[in-house]
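Here is what each chain is made of, one letter per residue.
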Amino acid sequence: MARLNQIGIALSSERDLDKLLSTILSEARKFTSAEAGTLYSVEGDKLRFLVTQNDALDQLDGRGAYPISTPGQSMPLSRESMAGYVALTGEVINLPDVYAIPPDRPYRFNSEYDRLDGYHSQSMLMVPMTEPDGTILGVLQLINALDGAGQVVPFESRWEGLVMSLASQAAVAIRNVRLTDELKAAYLDTVLRLSVAAEYKDHDTANHIRRMAQYSAVIAEELGLDAQQVETLRCAAPMHDVGKIGVPETILQKPGKLTEQEYDEMKRHTEMGASIFEGSDAPVLRMSGTIALTHHEKYDGTGYPRGLRGAEIPIEGQIAALADVFDALSTARCYKPAFPVEKCLEILRESAGSHFNPEVVEAFIRRLHDILAIRERYASAQALR
Ligand SMILES: [Fe+2]
Ligand SMILES: [Fe+2]
């Protein structure tokens, strides 16, 4: 029981779903001395293989990859298969020998998997992965319990409850990770759409915002910011120009040079952006405010609005500044064509120490490969889909 509690704590702190599922399956196998096991998830009218583990096959080919039950593949959800039966009814199946299933059972064992994997399944324990509200998210399957001598024996029925509670913890954890992922995706989508709404007044595009956010994250990673900060920056950077919502279109879209007064008005988008996020407790919105305020500051103190210099400029502002400028240089704008990458790099190198922090420029250049992949990925000026 203590061990189960320990696992519960470990599971609830694991955010990576794949790792989480592998841990659940291997813990369930350890409890029952099962040689192999599989996790399936219910997805619509299909059962999908999530994780497959098999010590015997691992020893044979050292790869842990099996031809048919490969993660990602799926099979129809039906009462005729054992996993399907468990997923649909919530009943536990515990059989000493899957090749001797009593004929009155509605399901049968599909020996094709054994044939293709070159394995012999014998004893099997299958339990549903049930959420507290009764929803079945998947099935946990354990194959071939081994005794001390390595001989296949039936799964003892006393293990059933324990494996079920482990499977239920798994179901809750899976649901939590899915909810968090959905929330994160919805949040990012909202941010992008709002940022684009703000930039409709200007000539920037949805892809400018996407690229700029991804560039910022790559640079931050290279500079050694922790993973959490990198993610916060990725979400915060798209909003660098939302303050433009308060700048008249006549100025933002003026084809010619701005008068001094107009330029001053345009510069105010930094402070207006900051005021939009003022007072928020959410880390990402606080960072958005910082970036909005400082993305036009320059390393040598000649930027705006405050004329901050060097380390006075928060690192996220320094990073966003470079990401924003590189994107402006490397893509076509209404007032200029796209510069070739070499030319952009030359400009950035020349600006190291004046416009940009030299360390940020170096980090950017070290990760040029990733930067160009992002540029490629979000190449066109297409709108959000
Ligand atoms: Fe800006
Ligand atoms: Fe921008």
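Preceding block: the structure.
Residues numbered from 1 in each chain as written. Chains lettered and ligands numbered in written order. Predicted model: local features only at pLDDT ≥ 70, side-chain atom pairs only at ≥ 80, totals over all residues. Heavy atoms only, no water.

Caption draft 1: Fine view of the packing of helix α14 (residues 341–350) against helix α15 (residues 358–366). Two elements in contact, α14 and α15, have axes separated by 9 Å at closest approach and are oriented at 155 degrees. As far as their axial angle goes, α15 and α14 are roughly antiparallel. α15 is crossed by α14, and the crossing has left-handed handedness. Across the interface between the two elements, Leu 345, Leu 348 and Arg 349 from α14 touch Val 361, Phe 364 and Ile 365 from α15. Here the contact of α14 with α15 is composed, by residue class, of five nonpolar, no polar and one charged. (Axes fitted to C-alpha atoms, helices over the stretch in contact; angles between N-to-C directions. Helix = DSSP H or I, 4+ residues; strand = E, 2+ residues; numbered from the N terminus. Parallel < 35°, antiparallel > 145°, perpendicular 65-115°, else oblique. Left-handed = near helix turned anticlockwise from the far one by under 90°. Contact = heavy atoms within 4.5 Å. Nonpolar A, V, L, I, M, F, W, Y, C, P; charged D, E, K, R; others polar.)

Caption draft 2: The coordination of the iron ion (ligand 1), seen in detail. Those protein atoms acting as donors to the iron ion (ligand 1) are Asp 241 (OD), His 269 (NE2), His 295 (NE2) and His 296 (NE2), and they sit at 2.1 to 2.3 Å. The site at the iron ion (ligand 1) holds four donor atoms, and with the angles between them running 80 to 169 degrees, its shape is irregular. The distance between the iron ion (ligand 1) and the iron ion (ligand 2) comes to 5.3 Å. Of this pair, Asp 241 sits in the loop between α8 (227–236) and α9 (249–252) while His 295 sits in the loop between α12 (283–294) and α13 (315–330), and the two are 54 residues apart along the sequence. Overall, Asp 241 belongs to the buried group, its relative accessible area being 3%. (Donors = N, O, S within 2.8 Å, 3.2 Å for Na, K, Ca; no water. Tetrahedral: all angles 85-135°; square planar, octahedral: opposite > 155°, others 65-115°. Buried < 20%, exposed > 50% of the residue type's maximum accessible area, 1.4 Å probe, protein only.)

Caption draft 3: Broad picture of the nonpolar core. Counting residues in hydrophobic clusters, the biggest one holds 35 residues, and the most contacted among them are Ile 219, Leu 233, Ile 291, Leu 322, Phe 326, Leu 348 and Phe 364. At the level of secondary structure, the elements contributing two or more residues to this core comprise α7 (206–222), α8, α12, α13, α14, α15 and α16 (368–377). Setting aside residues no more than four positions away along its own chain, Phe 326 makes contact with Tyr 215, Cys 344, Leu 348, Phe 364, Ile 371 and Arg 375. In this structure, Leu 21, Leu 125, Ile 174 and Val 177 belong to the second largest nonpolar core, which totals 28 residues. (Core = buried A, V, L, I, M, F, W, Y, C linked by side-chain atoms within 4.5 Å.)

Caption draft 4: Examining the environment of Ala 321 more closely. By the secondary structure assignment, Ala 321 is in helix α13. For Ala 321, a relative accessible area of 3% corresponds to the buried category.

Caption draft 5: Seen up close, the environment of Ala 36. Assignment of secondary structure puts Ala 36 in strand β1 (residues 34–43). Judged by its relative accessible area of 1%, Ala 36 falls in the buried class. Separated by 10 residues in the primary sequence, Ala 36 and Ser 26 have C-alpha atoms spaced 8.9 Å apart. With sequence-adjacent residues up to four places away left out, Ala 36 is seen in contact with Arg 29, Gln 53, Asn 54, Tyr 119, Gln 141, Leu 142 and Ile 143.

Caption draft 6: Region of interest: the environment of Ile 291. Here Ile 291 shows up in helix α12. Distance in space between the C-alpha atoms of Ile 291 and Ile 313 is 9.7 Å, their sequence separation being 22 residues.

Caption draft 7: Quick look at the coordination of the iron ion (ligand 2). The iron ion (ligand 2) binds to the protein through His 208 (NE2), His 240 (NE2) and Asp 324 (OD), with metal-donor distances spanning 2.2 to 2.3 Å. In primary-sequence terms, the residues that donate to the iron ion (ligand 2) follow H-x31-H-x83-D.

Caption draft 8: Structural view of α12. Across its 12 residues, α12 extends 16 Å between first and last C-alpha, which sits within 8% of the 16 Å expected from 1.5 Å per residue. Buried within α12 are the following residues: Val 284, Met 287, Ser 288, Gly 289, Ile 291, Ala 292, Leu 293 and Thr 294. (Expected span 1.5 Å × (residues − 1).)

Caption draft 9: Local environment of the packing of α7 against α13. Where α7 meets α13, the axes come as close as 9 Å, and the angle between the chain directions of the two elements is 135 degrees. If you check the angle between α7 and α13, you find them oblique. Crossing handedness for the pair α7 and α13: right-handed. Taking contact as the criterion, the partners of His 208, Arg 211, Met 212, Tyr 215, Ser 216, Ile 219 and Ala 220 in α7 are, on α13, Ile 319, Ala 320, Leu 322, Ala 323, Asp 324, Phe 326 and Asp 327.

Caption draft 10: Here's a closer look at the packing of aromatic side chains. Going through the model one piece at a time under the given rule, you end up with eight aromatic pairs. Ring centres of Phe 49 and Tyr 113 lie 6.0 Å apart, and the angle between their planes is 65 degrees; this geometry places the pair in the edge-to-face category. Taken together, the residues span a long stretch of sequence, with Phe 49 in strand β2 (residues 46–54) and Tyr 113 in helix α5 (residues 112–117) at a distance of 64 residues. Relative accessible area serves as the criterion here: at 4%, Phe 49 is assigned to the buried category. With centroids separated by 6.3 Å and ring planes inclined at 75 degrees, the aromatic side chains of Tyr 263 and Tyr 304 adopt a geometry described as edge-to-face. Here Tyr 263 is found in helix α10 (residues 260–267), whereas its partner Tyr 304 is found in the loop between α12 and α13, with 41 residues between them in sequence. Residue class for Tyr 304 comes out buried when judged on its relative accessible area of 11%. Aromatic ring contacts, followed pair by pair, group Tyr 40, Phe 49 and Tyr 113 into a single cluster. When the ring centre of Trp 159 is taken as origin, the NZ or CZ atom of Arg 158, which lies over that ring, is 4.7 Å away. Over the ring of Phe 339 we find Lys 336; its NZ or CZ atom is 4.9 Å from the centre of that ring. (Phe/Tyr/Trp six-rings, centres within 6.5 Å; stacked < 30°, edge-to-face > 60°. Lys NZ or Arg CZ within 6 Å of the ring centre and 35° of its normal.)

That is the geometry; function is a separate question.
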